[in-house]
Amino acid sequence: MRAVRIATVVLVAVAAGGIGILRAIGQEETNGRTGAPPAATDPTVPSAPMDMGTGERLALVVGETFASRERAEAANAGIQGRLGHLQGFYVAPVAQFVGLAEHLGARDGDLVLVSAFRTEEGAREFRDFLAAMGVRGRITPRMENRGFVFVGLGQERAPDGSGPLVEPLPGAGA
Amino acid sequence: MARERRVRARAWSVLAAAALVALLGGTAVAGHWAANGWRDEHRGYPRRPYGYRGIVRTFGAPCNARTDYNSMYLRAADNGHYYRIRFHKKLGGKGTAFVPERGGRSTNLDNDVRGHIANGHLDRYLRSGIWGYLCRYIAGTTRYSTHAWGIAVDVSAVDEPNGQCHSTVNRHHAHIWKGHRWKWGRAWCDPMHFQYAAGY
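From a predicted model like this one, the values you see are computed outputs, not experimental measurements. Per chain, the residues get numbers from 1 upward, laid out in the order the sequence is written. Each chain gets a letter, beginning with A, and each ligand a number, beginning with 1, in the order they are written. Under the rules for a predicted model, residues below a pLDDT of 70 receive no local features and side-chain atom pairs below 80 are neither given nor counted, while totals for whole chains, interfaces and linings still include all residues. To obtain the side-chain values, all non-hydrogen atoms of the structure were included, while hydrogens and water were left out.

Caption draft 1: Fine view of the overall build of chain B. Within chain B, the regular secondary structure consists of five helices and five strands. What counts as a helix is a DSSP run of H or I of at least four residues, what counts as a strand is a run of E of at least two, and both are numbered from the N terminus. Starting at the N terminus and walking to the C terminus, you meet the elements of chain B as α-α-α-β-β-α-β-α-β-β. Burial status across chain B gives 52% buried among its 200 residues. We call two residues contacting when some pair of their heavy atoms lies within 4.5 Å. Taking the contacts inside chain B whose residues are at least 6 apart along the sequence as the reference set, 60% of them involve residues at least 24 apart. All accessible areas in this document rest on Shrake-Rupley with a 1.4 Å probe, and a residue is counted as covered only by the protein chains that are shown. By element, 54% of the accessible surface of chain B is carried by carbon and sulfur atoms, the whole surface being about 9,000 Å². Buried residues are those whose accessible area, probed at 1.4 Å on protein chains only, stays under 20% of the maximum for their type, while exposed residues exceed 50% and partly exposed ones sit between those limits.

This is the structure in structure tokens:
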């Protein structure tokens with residue numbers, strides 16, 4: 001009888017440990033099943049600082065303009081679904097960029113879908129990606145950035161090929 | 001009664017003959033890439049890394065010059081467009097009977113995965129919305145996506161949107177990717193996505 005009780009306790013302990021291991025494995029797989037990969041919420045993965053690029057002259061890839069933040073965010077969310085888990089546009093005020101209002105001309109509002117780059121190659125790569133995924137984006141001439149909100153700097157290759165470009169190019173302002 | 005037996009026997013013979021033709025014909029069609037010299041070579045594969053540190057150890061910094069060293073074209077079956085995807089030097093570019101030598105380190109993506117899909121006549125399940133290397137963050141973060149290392153490919157994005165937890169198209173060739181060490185993003189409801197890394 002005692003032996004049976006001991007055996008039962010051991011069996012239950014082993015089963016509990018096995019379930020715990022399986023749950024740990026499953027955690028990496030599901031990540032809440034939100035469409036975001038595990039790295040999105042893993043605290044051991046480093047995050048790049050938000051590079052504001054204030055005062056720099058940047059090349060922009062722009063999408064549509066909107067009169068309200070709700071509409072801009074909704075449209076951006078719709079676009080995001082087509083881009084997988086890769087960051088798409090950011091919502092920013094048109095006024096953030098000196099000369100953008102004039103460049104855009106007639107528009108639907110004062111908010112714009114945008115992603116900014118320090119290099120023309122970076123802007124082209126993003127525009128081409130959008131096109132491959134059926135999303136329109138056009139490249140603007142360089143414009144000074146007033147730095148109101150983060151518009152995605154850090155997402156292009158450094159000219160020396162060492163990794164991402166995380167600082168202003170010489171002579172580009174700021 | 002005897003006439004009935006003869007009719008039944010003839011019907012079974014016809015069915016058996018039809019099955020034999022279908023089997024032999026199907027085998028002949030499906031194997032034509034192999035008949036033309038293609039082989040699933042499995043040469044030079046890097047170990048599939050785990051986590052951020054493993055990825056950096058194996059493939060270097062995100063967006064470095066080797067991350068888009070290789071390229072190839074994939075044709076989308078639905079719109080007929082050719083999409084150019086770029087990927088890491090270690091995941092292809094090694095010369096085979098079907099792929100020219102480009103100084104790459106393995107036969108993984110451009111010869112083995114690509115050839116295996118074609119040899120199995122699964123090209124019709126490569127649909128539009130195809131992309132490889134891109135120096136880009138994971139949406140809503142400032143953490144680099146596996147695409148930034150050139151170790152990720154999105155396929156059939158139009159039919160397999162992010163957030164969809166099942167697959168209608170890529171499920172037909174996902175086993176090929178997995179058989180070549182790629183991880184499928186369906187596990188986190190991103191069924192368009194395949195990556196050569198785990199734990200990230």
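Caption draft 2: The arrangement of the overall build of chain A in detail. When helices and strands are counted, chain A shows four helices and five strands. For chain A, the α and β elements follow one another from N to C terminus as α-β-α-β-α-β-α-β-β. The long-range share in chain A, meaning contacts at least 24 apart out of those at least 6 apart in sequence, stands at 75%. When the accessible surface of chain A is split by element, carbon and sulfur atoms take 60% of a total near 8,900 Å².

Caption draft 3: Spatial organisation of the interface of chain B and chain A. Counting residues at the interface gives 46 residues for chain B, matched by 47 residues for chain A. Take a side-chain nitrogen of Lys or Arg and a carboxyl oxygen of Asp or Glu: if they are within 4 Å of each other, that pair is a salt bridge. Counting across the interface, chain B meets chain A through two salt bridges. Ionic pairing is found between B:Asp68 and A:Arg157, a salt bridge with its closest N-O pair at 3.0 Å. Polar contacts, as used here, are pairs of N or O atoms within 3.5 Å; protein pairs need one atom able to donate a hydrogen and one able to accept it. Residues neighboring in sequence count only if both atoms are side-chain atoms. Run the count over chain B and chain A and you get 28 residue pairs in polar contact (both at pLDDT 80 or more). Each residue is assigned to one of three groups, with Ala, Val, Leu, Ile, Met, Phe, Trp, Tyr, Cys and Pro labelled nonpolar, Asp, Glu, Lys and Arg labelled charged, and all others, Gly among them, labelled polar. Partitioning the side of chain B that touches chain A into residue classes produces 25 nonpolar, 13 polar and eight charged.

Caption draft 4: Examining the nonpolar core more closely. Ranked by size, the top nonpolar core spans 67 residues in total, and within it A:Phe129, B:Leu109, B:Trp177 and B:Trp182 carry the most contacts. A total of five residues in this core trace back to one element, the largest contributor, which is helix H4 (residues 120–132) of chain A. Leaving out residues up to four positions away in the same chain, B:Trp182 has contacts with B:Arg48, B:Leu91, B:Asn108, B:Leu109, B:Val113, B:Ile151, B:Ala152, B:Val153, B:Trp177, B:Phe194, B:Gln195 and B:Tyr196. By size, the runner-up hydrophobic cluster in this structure holds 14 residues, among which are A:Leu58, A:Leu60, A:Ala92 and A:Leu100. What is meant by a nonpolar core is a set of buried Ala, Val, Leu, Ile, Met, Phe, Trp, Tyr and Cys residues, joined one to another through side-chain atoms within 4.5 Å.

Caption draft 5: Focus on the confidence of the model for chain A. For chain A, the mean per-residue pLDDT works out to 88, and 84% of the residues sit at or above 70. A residue's pLDDT is the predictor's confidence in that residue, given on a scale from 0 to 100. Residue range residues 20–32 of chain A is modelled with pLDDT below 50. Its contacts to residues more than four positions away, or to other chains, number 14 contacts.

Caption draft 6: Inspection of helix H3 (residues 51–59) of chain B at higher detail. Residues and elements named next belong to chain B. Among all positions in H3, only Gly51, Gly54, Ile55, Thr58 and Phe59 are buried. For H3, the buried positions fall inside an angular range of 100° around the axis, keeping them on one side. In this structure, H3 carries Arg53 and Arg57 as exposed residues pointing more than 90 degrees from its buried face. Among the residues trailing H3, Gly60 stands out with phi positive, at a value near 85°. By arc we mean the arc of the directions from the helix axis to the C-beta atoms, nothing more.

Caption draft 7: Layout of the confidence of the model for chain B. Looking at chain B as a whole, its pLDDT mean stands at 90, while 87% of the residues score no less than 70. Contacts for the low-pLDDT stretch residues 21–30 of chain B, under 50 throughout, to residues beyond four places or in other chains number five contacts.

Caption draft 8: Inspection of unusual backbone geometry at higher detail. Residues and elements named next belong to chain B. Of note, Cys63 is a non-glycine position whose phi angle comes to about 65°, a positive value. Checked against the element boundaries, Cys63 lands in the loop between H3 and strand S1 (70–75). Residues other than glycine seldom take positive phi values, yet Arg181 does so here, at roughly 80°. Following the sequence through the fold, Arg181 ends up in the loop between helix H5 (174–179) and strand S4 (183–184). Judged by its relative accessible area of 37%, Arg181 is partly exposed.

Caption draft 9: The sheet that holds strand S3 (residues 152–154) of chain B, seen in detail. Spatially, the three strands line up as an open sheet ordered S3-S5-S4 (chain B), and their pairing is antiparallel. Strands with a single pairing partner mark the edges of an open sheet, and in this sheet they are S3 and S4 of chain B. Two strands are counted as paired when DSSP detects at least two bridges linking them.

Caption draft 10: How the structure looks around the layout of surface pockets. Residue and element names in this part refer to chain A. A 1.4 Å probe that fits but cannot get out identifies a cavity on a 1 Å grid over protein atoms alone, an open set with protein on both sides within 12 Å along at least five of seven lines counts as a pocket, and a residue lines either if it has an atom within 4 Å of a point. Grid points are joined across faces, edges and corners, and a volume is the space filled by probe spheres set on the points. By volume, the largest pocket amounts to about 300 Å³. Along the wall of the largest pocket there are 17 residues; nearest its centre are Val62, Gly63, Glu64, Arg136 and Arg138. For the lining of the largest pocket, the element with the highest residue contribution is strand S1 (residues 57–66), accounting for four residues. Its residues assigned to classes, the lining of the largest pocket shows seven nonpolar, four polar and six charged.

Caption draft 11: Quick peek at the pattern of salt bridges. Overall, the coordinates contain 13 salt bridges over all chains when judged by the stated rule. Residues A:Arg107 and A:Asp110 are paired through a salt bridge, measuring 2.9 Å at the closest nitrogen-oxygen approach. Take A:Arg107: its relative accessible area is 35%, and that puts it in the partly exposed class. What you see here is one network of salt bridges that share partners, running through A:Glu125, A:Arg157, B:Asp68 and B:Arg86.

Caption draft 12: Just the state of the cysteines, in detail. Residue and element names in this part refer to chain B. Disulfides are defined as pairs of cysteine sulfur atoms found within 2.5 Å of each other. The full count for this structure, using the stated rule, is two disulfides over all chains. Here Cys63 connects covalently by a disulfide to Cys135, the sulfurs 2.0 Å from one another. Where Cys63 bonds to Cys135 through sulfur, the torsion about that S-S bond is close to 80°, and the disulfide is right-handed. Of this pair, Cys63 sits in the loop between H3 and S1 while Cys135 sits in the loop between helix H4 (108–119) and S3, and the two are 72 residues apart along the sequence. Take Cys63 and Cys135: they sit in the same class, and that class is buried. Between the sulfur atoms of Cys165 and its disulfide partner Cys189 the distance amounts to 2.0 Å. Judged by the torsion about the S-S bond (100°), the Cys165/Cys189 disulfide is right-handed. Here Cys165 is found in the loop between S3 and H5, whereas its partner Cys189 is found in the loop between S4 and strand S5 (193–195), with 24 residues between them in sequence. Among the residues examined, Cys165 registers a relative accessible area of 34% and is labelled partly exposed. The class of Cys189 is buried, set by a relative accessible area of 0%.

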